[in-house]
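# Analysis of the macromolecular model
Residue strings, one per chain:
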Amino acid sequence: RKKKKEKVLMSSGTKRAAGGEAGKSKLEEKKKEEKEELEEDYGEEEDEKETLPLPPEAELKKLKKALYSRYYYPLSVKGLTYLWQSQLISQQDEKIDTTPKALEKIYNHLLDCDIRYYGEPQLPMDFSNKDKETLAGPILLQIKANKNIAEPDNMQGTTSQRMLLVTLTDGKTSLRALEIKVVKKLALDTPPGTKVLVEQMRIERGVLMLGEGGSFTILGGRVEVLVKSWLASRYVQRATRTKGEDPPPPFTPLTLGQRDKSGRKGKNAARTPQKSPQQQKPQEQQQQKPQQQQKPQ
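Parameters and conventions
- Residues numbered from 1 in each chain as written.
- Predicted model: local features only at pLDDT ≥ 70, side-chain atom pairs only at ≥ 80, totals over all residues.
- Heavy atoms only, no water.
- Pairing = 2+ DSSP bridges.
- Helix = DSSP H or I, 4+ residues; strand = E, 2+ residues; numbered from the N terminus.
- Polar contact = N/O pair within 3.5 Å; in protein donor to acceptor, adjacent residues only side chain to side chain.
- Contact = heavy atoms within 4.5 Å.
- Salt bridge = Lys/Arg side-chain N within 4 Å of Asp/Glu carboxyl O.
- Buried < 20%, exposed > 50% of the residue type's maximum accessible area, 1.4 Å probe, protein only.

## Observations regarding the pairing of strand 3 (residues 164-169)
As defined by bridge partners, strand 2 (residues 139-148) adjoins strand 3 across six bridges and the pair is classed as antiparallel. Considered in strand 3, the bridge of K147 is made with L165. In this structure, strand 3 lies alongside strand 4 (residues 174-179), joined through five bridges in antiparallel fashion. By the bridge assignment for strand 4, T169 is matched with S174. Joining the antiparallel neighbours strand 3 and strand 4 is a turn of four residues, in which G171 adopts a positive phi near 105 degrees.

## Things to note about the side chain of N146
Structurally, N146 is set in strand 2. Polar side-chain contacts of N146 include one of 2.6 Å to the backbone oxygen of A187. Setting aside anything within four residues of it in sequence, one finds N146 in contact with L164, L165, V166, L186, A187, L188 and T190.

## Description of the pattern of salt bridges
The full count for this structure, using the stated rule, is eight salt bridges. Ionic pairing is found between D189 and R234, a salt bridge with its closest N-O pair at 3.1 Å. A residue pair is termed long-range when its members are at least 10 positions apart, and D189 in the loop between strand 4 and strand 5 (195-199) and R234 in helix 6 (residues 224-243) qualify at 45 residues. Of the charged contacts, one joins R222 and E224 as a salt bridge, the two residues approaching to 3.0 Å between their closest N and O atoms. Look at E224 and you get partly exposed, because its relative accessible area is 41%.

Structure, rendered in structure tokens:
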């Protein structure tokens, strides 16, 4: 009987193993077929999307200089290729069109694009180490973040106090700018991605001083990807703020020497003189004597 059981178990195990191997082989075959289909489809798409040949380098450099001289936009080689592939650069007689209308069209498109992908870095890498210098410019930068340091993080935009700390970037290097005096058209609601033109700004310990000489011009622009993430983060902050604890009660000054509504006195109010322990002892002894006399003998 034992031998028969062992034979049955061995046969069932071999069948299961064979079935598992067959299932694995079928799955592998299906995966191979799917890969082949994807490769075929991908190859067809690549054949359909042919990259446009770039114009000569001289024409690209000419466009780059024209954009910088007119709008101070530091267009990179990568940005030029993006513009060319998106067919935003027009040609006339095999030459790039650099007329004011064509440049304005490209510039308006670049304002709505992230400078990290289209711009060329202009700031020095050791900008945070600079002190008591001036940023000559003009340099076109992009707002990365904006915060009012005169208010706590959970109460941004709820009070009238204001001192903005703006984080700017050229696509590679970031710097901070502190608002000493109110800058027009700059607010806490200014979204990231907004382009700014900086010129002749004073640097103190690696921070730009806004409102103390120089020019800080807001050019505009709206980068949809950055704006969406910024709005989502603001929504989360407001939701957590409403669900948090109640705000503290308003401060009411306490006049010295007078009682408040709860009956407590001020800090410097007239206090009743306290008796010394030597003065308290005879009174306690007098109270204890009649109690001793009442005890039965």
